[in-house]
Amino acid sequence: PPIGAHFVLQTAASAIDVHLGAASFLQANHFSLATGDSVRVVGVSSATRQGTVFLVRVIQKGGQSLVLRTAKGAPLSFARGRALAAPKAQQQEGAR
């Protein structure tokens, strides 16, 4: 299963393992969950060897909404890290 923050979402039909991504990304965006919170999630189900998980792209709690993954499913915490690393790599290449 994916690594990172996750919770079990109880629906009328079943309990679903919901994966959010890096806990540090949630903290940096001042997003937290507590037992009993009502949430809305948008994402995709993914089959793993351990079972099916739901990979969240967008989560909403009350008036707060947070985008966690790109349209292609890459975690934004990873995508932002790569975006920040790209200018540094270009600067290093120019210094040669």
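As shown above, the structure is provided for reference.
Engineer: Explanation requested: the overall build of the chain in the structure shown.
Structural biologist: When its secondary structure is counted, the chain shows two helices and five strands. Counting helices and strands in the order they occur from the N terminus, the chain gives β-β-α-β-β-β-α. Sequence-distant contacts, at least 24 apart, represent 38% of the contacts inside the chain between residues at least 6 apart. As displayed, the chain has an accessible area near 6,800 Å², and 55% of this comes from carbon and sulfur atoms.

Engineer: Please clarify how the side chain of Arg69 should be interpreted in this entry.
Structural biologist: Counting through the fold element by element, Arg69 comes out in the loop between strand E5 (64-67) and helix H2 (76-94). For the buried Arg69, no salt bridge exists, and the shortest N-O distance to an oppositely charged side chain is 10 Å, to Asp17. A polar atom in the side chain of Arg69 sits 3.4 Å from the backbone oxygen of His19. At 2.6 Å, the side chain of Arg69 forms a polar contact with the backbone oxygen of Val56.

Engineer: Would you explain the nonpolar core in this entry?
Structural biologist: Across soluble globular proteins, nonpolar side chains have a tendency to be buried as a group. Counting residues in each nonpolar core, the largest one holds 14 residues, and the members touching the most others are Val18, Leu20, Leu26, Val56, Ile59, Leu66 and Leu68. Elements supplying a minimum of two residues to this core: strand E1 (5-10), strand E2 (15-21), helix H1 (23-28) and strand E4 (51-61). Ignoring any residue separated from it by four or fewer positions in sequence, one finds Val56 in contact with Val18, His19, Leu20, Val41, Val42, Gly43, Leu68 and Arg69.

Engineer: I would appreciate a short explanation of the pattern of salt bridges in the present structure.
Structural biologist: Between side chains of opposite charge, a pair can form when the charged atoms approach closely. In total, this model carries one salt bridge according to the counting rule given. With its nearest N and O atoms 3.7 Å apart, the salt bridge here joins Asp37 to Lys61. Taken together, the residues Asp37 in the loop between H1 and strand E3 (39-48) and Lys61 in strand E4 connect sequence positions 24 residues apart.

Engineer: What is the right way to look at the environment of Val56 in this model?
Structural biologist: In this structure, Val56 sits in strand E4. Val56 gets classed as buried once you look at its relative accessible area, which sits at 0%. Linking Val56 and Leu68, residues twelve residues apart in sequence, is a C-alpha distance of 6.8 Å.

Engineer: Would you mind showing me how to read the pairing of E4 here?
Structural biologist: Looking at chain direction, E2 and E4 are connected through two bridges and run parallel. Counted as the bridge partner of His19 is Leu55 from E4. The pairing of E3 with E4 spans ten bridges and is antiparallel. Among the inter-strand pairings, Ser45 is bridged to a residue of E4, identified as Phe54. Linkage of E3 to E4, two consecutive antiparallel strands, is achieved through a turn of two residues. In terms of strand pairing, E4 meets E5 through four bridges, oriented antiparallel. Bridging from a neighbouring strand, Gln60 pairs with Ser65 of E5. Hairpin remark: E4 followed by E5, antiparallel, with two residues in the connecting loop; positive phi at Gly62, about 60 degrees.

Conventions adopted
- Residues numbered from 1 in each chain as written.
- Predicted model: local features only at pLDDT ≥ 70, side-chain atom pairs only at ≥ 80, totals over all residues.
- Heavy atoms only, no water.
- Helix = DSSP H or I, 4+ residues; strand = E, 2+ residues; numbered from the N terminus.
- Contact = heavy atoms within 4.5 Å.
- Areas by Shrake-Rupley, 256 points an atom, 1.4 Å probe, with all protein chains shown as cover.
- Buried < 20%, exposed > 50% of the residue type's maximum accessible area, 1.4 Å probe, protein only.
- Lys, Arg positive; Asp, Glu negative; His and termini not counted.
- Salt bridge = Lys/Arg side-chain N within 4 Å of Asp/Glu carboxyl O.
- Polar contact = N/O pair within 3.5 Å; in protein donor to acceptor, adjacent residues only side chain to side chain.
- Core = buried A, V, L, I, M, F, W, Y, C linked by side-chain atoms within 4.5 Å.
- Pairing = 2+ DSSP bridges.

Functional significance is not addressed by these values, which are geometric in nature.
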